[in-house]
Structure formats: structure tokens, C-alpha cells
Amino acid sequence: MMGPQHALSGAAVWLAGSWALDQFADYHQSPLALAVGTAVCAGGALFPDLDMSGKVTRNQGGATVARTFGVFSLFAAEVMEKISLGVYYATKLSRDPRRNNGHRTLTHTLPFTVLVGWGTTALCAAYGKWAVITILFFMFGLALRGLFDEWAERAGWVIITLASAGAAWFTFANLPGGRGYPLIGTALGVGCFVHILGDMITRAGVPILWPIPIKRRMWMMIGLPNSIALRVGSKAEVVGMRIALTVVSALATVGLIAPSVLSRFDIEI
């Protein structure tokens, strides 16, 4: 699945989940907390593709996440791809094929997702202000790059970097710490998981069950059969999924906002 659809799927899942919690578990979030969770989940839904590097010296290629902060994120993606490829070869079994890159390996597994969610919460709780600002800075940048891909392409990575820094600082200054830290870690972990599910409906699949060996393969790619799986970049993905996810996001947003708007005008439904 391509970057914009990944980001939109993260936003849609977080908004829909927030609506469900509000309706059935009486769990209410402030507008700022809802916006932060949505943005972080959208950014997190791009994060696993940090294992897809491009041409660092030319500031070209790579996944959406790799291009977000110019050569800096491209270099980080290069490092992550090499780490992922190293883990692949260190753990592969006899029937696992040879690979020349680490895309859709380590960062597309459940252990990585859990580690990211738990680690984010732990870092924010242990190091406070600067850890929170740093994580929000990166996630807001990814969300901007994914959700507003055409604008981001025109604006360039410098504008995205400045906008992300400003949004991160504002958010930390206004988000309650006790509730904000778990929120950030949960949103990031959910975003990574949504990314994996999104790639599972494409033809390549993902090694979601790693490190469980299956038929002498440690990196068994699991996904839908080719006959019904989406082809990355196809009209069904780019147009169909974007429309569907936008509708879900819009309906969930209306469901979350409508009660407070109606109550302000003393309207009961």
C-alpha cells in the first residue's frame, strides 16, 4: 500500500476507534487529545516503511517516510534497511529466499509494533518533555507528508520540518502529561499495526508471525490470495481505498463533534 493510503488508514482507525470508545465505553477525549492521537496514528501508519531507503546523496527515492525530512530521514531509512536485512539473514531458515534489501521484514512484524508502542510510552515517561517533543515532531512530520502528500511535495522537507517542530511544541505545552504519554505510545503502536494490516491486503504480504517458524521458513509472507489482493498503486487502492477511508474518517469526526455542538445549542436527539 502506498504512503498516503497508509496515513489515511491510521487516521481513520483512530477516529473510528475514538468514536466507539466515546459511544460504548464513555471514554471522552479533549479536542486536542483527539487531534494528537489522530496525527500520531497517521504518522505511525507510515513508520514501518522506514526500512525502504532511497538515494541519500541525491535526496531521491525511498518510501514516503524516508523522504519526510530530506537527506536526514533518507539516511535513517538506509540504516534501518540495513539493520532489517541483517536481522533477516541472522534468523532466516533454509527455505527463506535470498534478499537484497530489508523492506517488509523486521519493521513489518508484531514484535516491532509492540516494541514501538511500549518503547514510546517508556521514553516519554522516563525523559519527559524532550522525549515527548521529539516523538511528536517526527510523527507530525510523517502525518503531514502522508495526509497532505501533494502539498508536502510542493512545500518541501524544510517547510514540513518547521511545521512539525511548531506543532510538537504547541502540543506539548497544552497536552496534559499524565494522559498524554500513554496516548502517544498507544497511537503510534496502533498506527504501526494498521500499516501491517494494510500491507497484508496487497499481493506481497508481510511476515506478521515472525519469529514463529512455518514450513522451514522464519519469514513467511502472509496476506490475501493474489486473486483478491490489491495491487500496489492500482486504481482500487489509490482511488477506492482513499474514498472509503475518507468517508470513515469524516463520519467518525462528525459523530465525535456533533454531540458537543448540539448541546451548545440545547438541541437533544
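Quick notes on the rules
Residues numbered from 1 in each chain as written. Predicted model: local features only at pLDDT ≥ 70, side-chain atom pairs only at ≥ 80, totals over all residues. Heavy atoms only, no water. Helix = DSSP H or I, 4+ residues; strand = E, 2+ residues; numbered from the N terminus. Buried < 20%, exposed > 50% of the residue type's maximum accessible area, 1.4 Å probe, protein only. Contact = heavy atoms within 4.5 Å. Areas by Shrake-Rupley, 256 points an atom, 1.4 Å probe, with all protein chains shown as cover. Phe/Tyr/Trp six-rings, centres within 6.5 Å; stacked < 30°, edge-to-face > 60°. Lys NZ or Arg CZ within 6 Å of the ring centre and 35° of its normal. UniProt positions renumbered as here; feature names shortened; annotations may be inferred. Salt bridge = Lys/Arg side-chain N within 4 Å of Asp/Glu carboxyl O.

- For the protein chain, an unreviewed UniProt entry supplies the name Metal-dependent hydrolase and the organism Micromonospora zamorensis.

### Describing the overall build of the protein chain
Here is step 1 of the chain: A count of helical and extended segments in the protein chain gives 10 helices and two strands.
Here is step 2 of the chain: Along the protein chain, helices and strands appear, N-terminal first, in the series α-α-β-β-α-α-α-α-α-α-α-α.
Here is step 3 of the chain: Within the span of the protein chain, comprising 269 residues, buried residues form 45% of the whole.
Here is step 4 of the chain: In the protein chain, of all internal contacts separated by at least 6 residues, the share reaching a separation of at least 24 is 71%.
Here is step 5 of the chain: Split by element, the accessible area of the protein chain, about 13600 Å² in all, is 69% carbon and sulfur.

### Focus on the packing of aromatic side chains
Here is step 1 of the chain: Applying the stated criterion across every chain, the model contains 10 aromatic pairs.
Here is step 2 of the chain: Their ring planes at 90 degrees and their centres at 5.6 Å tell us that Phe 69 and Phe 138 sit as a pair that is edge-to-face. Linking Phe 69 in the loop between helix 3 (64-67) and helix 4 (71-91) with Phe 138 in helix 6 (residues 129-147), this pair joins segments that are 69 residues apart in sequence.
Here is step 3 of the chain: The partly exposed category is assigned to Phe 138, whose relative accessible area is 41%.
Here is step 4 of the chain: Between Tyr 88 and Trp 219, the aromatic rings sit 5.4 Å apart at their centres with planes inclined by 40 degrees, giving tilted as the arrangement. Residue Tyr 88 is located in helix 4, and its partner Trp 219 is located in the loop between helix 9 (177-200) and helix 10 (235-264); the two are separated by 131 residues in the primary sequence.
Here is step 5 of the chain: For Tyr 88, a relative accessible area of 2% corresponds to the buried category.
Here is step 6 of the chain: Among the aromatic side chains, those forming a connected cluster through ring pairs are Tyr 88, Tyr 89, Trp 210 and Trp 219.
Here is step 7 of the chain: Lying over the aromatic face of Tyr 88, Arg 99 brings its terminal NZ or CZ to 5.5 Å of the ring centre.

### Observations regarding the UniProt feature "transmembrane region" (unreviewed entry) in the protein chain
Here is step 1 of the chain: Mapped onto this numbering, the UniProt entry annotates "transmembrane region" (unreviewed entry) at residues 30-48, 69-90, 110-143, 155-175 and 240-262.
Here is step 2 of the chain: In the segment residues 30-48, helix accounts for 74% and strand for 0%; the C-alpha atoms at its two ends are 28 Å apart.
Here is step 3 of the chain: A distance of 30 Å separates the end C-alpha atoms of residues 69-90, which is 91% helix and 0% strand.

### Description of the pattern of salt bridges
Here is step 1 of the chain: If you walk through the whole model with that rule in mind, you get five salt bridges.
Here is step 2 of the chain: Residue Lys 82 is joined to Glu 78 by a salt bridge in which the shortest nitrogen-to-oxygen separation is 2.4 Å. You can see Lys 82 and its partner Glu 78 sitting in helix 4, four residues apart, about one turn around the helix.
Here is step 3 of the chain: Overall, the relative accessible area of 46% leaves Lys 82 in the partly exposed class.
Here is step 4 of the chain: Here Asp 96 ties to Arg 217 by a salt bridge, and the two come within 3.6 Å at their closest N and O atoms. Here Arg 217 lies in the loop between helix 9 and helix 10 and Asp 96 lies in the loop between helix 4 and helix 5 (110-127), a separation of 121 residues in the sequence. In this pair, the class of Asp 96 matches that of Arg 217, namely buried.

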